[in-house]
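Per-entry structural report
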Amino acid sequence: MPLSNLNQEQLLAATCRSGYNLIIASAGTGKTSTIVGRISYLLNSGINPKEILLLTFTNKAAQEMVSRVSKIFGNEIAKKITAGTFHSVSYKLLKELNLNIALKQPNELKTLFKSLYEKRVFMDRSDEASPYDGGYLYDMYSLYLNSHNNEDFSTWIKEKSPAHEIYTLIYEDVIDEFNTLKKEYGYVNFDDLLTTMLEVLGDKDFEFKEILVDEYQDTNPLQGRLLDAFKPKSLFCVGDYDQSIYAFNGSDIGIISTFSKRYNDSNVFTLRKNYRSTKPILDLATKVIEFNERIYEKKLEVVRSEAIYQPKLLAFDELFSQYEYISKLISQSQTPHNEIAIIYRNNSSADGIEANLREFSIPAKRKGGMSFFDSVEVKFILDILVLQVSNNDMMAFIHIVEHGKGIGKAVAKDLFDALITLGDGNIFQGLFSPNPSINNPFDNKKVKNQQLGLFDDFLELGSVSKYKDCNFEESFLSNPILKHPKLNVDSAKYLYDLYLLFKQLRRTKNPESLITMIGSSMAYSKIKEFLSTKRATQKDGTINPIQKTKALAKINRKAMLLKNLSRNFSDLSKFINSMILGGSELSEGEGVNLLSIHASKGLEFKEVYVIDLMDGRFPNRKLMSKGGSLEEERRLFYVAVTRAKDILYLSYAKYDKIKKLTFIYSPFLKEAGLIKDENQ
């Protein structure tokens, strides 16, 4: 966007002198235009585009900004700007240094972590607290990496949960084993991209003349250290403390609030003109957020003069009548479905509203719960693709094999280690042509250490006679991995299905062809049958056939979507990395937008419904008790409300007849002046 299109405040910020500059940009004040204006100013000033680094909260935001720059300066110049999230930029720079790294999806390494954790036995136990389970410990370690202030993990855990001090030796040993294995196989998750980049910056300088940071309020301590490690000569940070909503991921509002103290001779600019929302909507949002402490003073001005609709409060006697009424309102609305959003604090709210929309034949797309790429059916396909690129990817192997009946993570890792042994370092060699001189590939004793929860896990070999009626190929039946004592006929049949699939996949490296083969395989059919049955199983144990058909259709749709995405790629590695880095930003389908508040960040809609505004649900008291705060919940409310441009509905219910729960309205409704009578 040319600088001439900016208002006076935006122009003043975009053309500020080099140095440490913070721009407070509230919702709807044109921060994207200001950032693009700043990049235009830098380029017009003779700065080489290669010397500009743009860090955004999503890759989509970076692409939009670079696209706008390309319309002014041309694609050749725009594409030289290094732009993306902290994670994607770190990945790009690390790959340029030719480091041997294999990027994994955000939650995938959790599988490897849990397989190591499941081998541990906690002999000594605290009366006050049981040990964390493997998945939760993994999440806690991730939070530690992003939020610690240079203390070690044990100290950090003891400060958060003193009762867990007794377990810290085992916790740390599992983490050490996990990090050693990651290093051995070159695995990195998103946390590792940043910690590795931080290490690299200790020895190498990247010559960026200016670093621009979007959504600065959501920066966490690790990202803050990384930013300083770049030794920026000039910083242009854009954010809004009222929209800091990622404390659960380690973000620290103190980073934006102490900007002026941490950087000498810094400047703070404020964008006050709101172009998005009507005055009634903005007045409501401002009235509530002013209950939070003011960090930088700001007074928003509404640019839009029209105000046809006042925000409306909807109160219901029963929870599901709320969802039904909202679905009815949407069915009668003149607003196009893609310009309508239903926003909720808890993902459980989405299930009820989605079901009611379906009853009214209203299409909906959902984003902000489980990522498309976190679903078992999609991860299964991607992990098989990963093995085509990197044969010895232990984590991908574990994640695929663990789904076999009676297998699980620990046995899957045993099988991986055995195939490595049988194949002299190559799992496919071990699967198709095992070393005939090795009879027991499981004889892999670890050193016993009861203090660290490690015990002798030597396996007595089982017999393969139980598979005599399975019609396996002789080459598979003779493989020593079938002697694992925990394998049964069903699990062996599953391994055989994978064996046949891997043989078939040797024919091509084309992503679309590979996904087609996987989708039509017996192994994937078993995954689909298992998942659709599980998702259709009711509380009494019976299976709802209609739900099963719908679940199966959803699984097939996801496989088709992945296949469609693959058509843009001929290189398998590039396809896999693109899916991992951009995975969390993908939503499925068309229609009304169903969004968690975190997923709604940065978006805007003509018509918005913020639902389930009951105390306990929003604010979420349970999360507040685990380290959240009422101030952060209030910021979440502010973000949700300011997604609306023209029409805003706020709703709550007084009773849930299924769970037999009674609710009272959210305190934010009272703060907004919508609740005046205590009996409302």
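Owing to the predicted nature of the structure, the values given are computational and were not obtained by experimental measurement.

**As for the sheet that holds strand β11 (residues 312-316)**
- Judged by pairing direction, the sheet is parallel, and its six strands sit side by side in the order β11-β16-β15-β12-β14-β13 without closing on themselves. What marks the edges here is a single partner per strand, and that holds for β11 and β13 (364-367). Strand-to-strand twist of the sheet, defined as the mean angle between neighbouring strand axes without regard to direction, takes the value 20°.
- Where β11 and strand β16 (residues 644-653) come together, five bridges link them in parallel fashion. Within the sheet, the bridge partner assigned to Leu-313 lies in β16 and is Leu-650.
- In the packing of helix α29 (residues 630-641) onto the sheet, contacts are made with β12 (340-344), β15 (605-610) and β16, and the angle to β16 comes to roughly 130°.

**Some words on the UniProt feature "binding site: ATP" (unreviewed entry) in the chain**
- Residues annotated by UniProt as "binding site: ATP" (unreviewed entry) correspond here to Ala-25, Ser-26, Ala-27, Gly-28, Thr-29, Gly-30, Lys-31 and Thr-32.
- Relative to the elements of secondary structure, Ser-26 occurs in the loop between β1 (20-25) and α2 (31-44).
- A relative accessible area of 3% means that Ser-26 is categorised as buried.
- With near-sequence residues (within four places) excluded, Ser-26 lies in contact with Asp-240, Gln-243, Leu-271, Lys-298, Leu-300 and Tyr-638.
- Relative to the helices and strands, Thr-29 resides in the loop between β1 and α2.
- Contact partners of Thr-29, with chain neighbours within four places excluded, come to Gln-10, Leu-271, Arg-272, Lys-273, Asn-274, Tyr-275 and Leu-300.

**Some words on the pattern of salt bridges**
- Under the criterion given, the structure shown has 38 salt bridges.
- Salt-bridge contacts for Glu-604 lead to Arg-276; the nearest nitrogen and oxygen are separated by 2.9 Å. A residue pair is termed long-range when its members are at least 10 positions apart, and Glu-604 in the loop between α27 (597-600) and β15 and Arg-276 in the loop between β9 (273-274) and α14 (279-289) qualify at 328 residues.
- Classification of Glu-604 as partly exposed rests on a relative accessible area of 41%.
- For Asp-615, the salt bridge identified is with Arg-621, shortest N-O distance 2.7 Å.
- If you follow the salt bridges from partner to partner, you end up with Lys-31, Asp-214, Glu-215, Asp-218 and Lys-601 in one network.

Scoring rules and cut-offs
Residues numbered from 1 in each chain as written. Predicted model: local features only at pLDDT ≥ 70, side-chain atom pairs only at ≥ 80, totals over all residues. Heavy atoms only, no water. Pairing = 2+ DSSP bridges. Helix = DSSP H or I, 4+ residues; strand = E, 2+ residues; numbered from the N terminus. Axes fitted to C-alpha atoms, helices over the stretch in contact; angles between N-to-C directions. Contact = heavy atoms within 4.5 Å. UniProt positions renumbered as here; feature names shortened; annotations may be inferred. Buried < 20%, exposed > 50% of the residue type's maximum accessible area, 1.4 Å probe, protein only. Salt bridge = Lys/Arg side-chain N within 4 Å of Asp/Glu carboxyl O.

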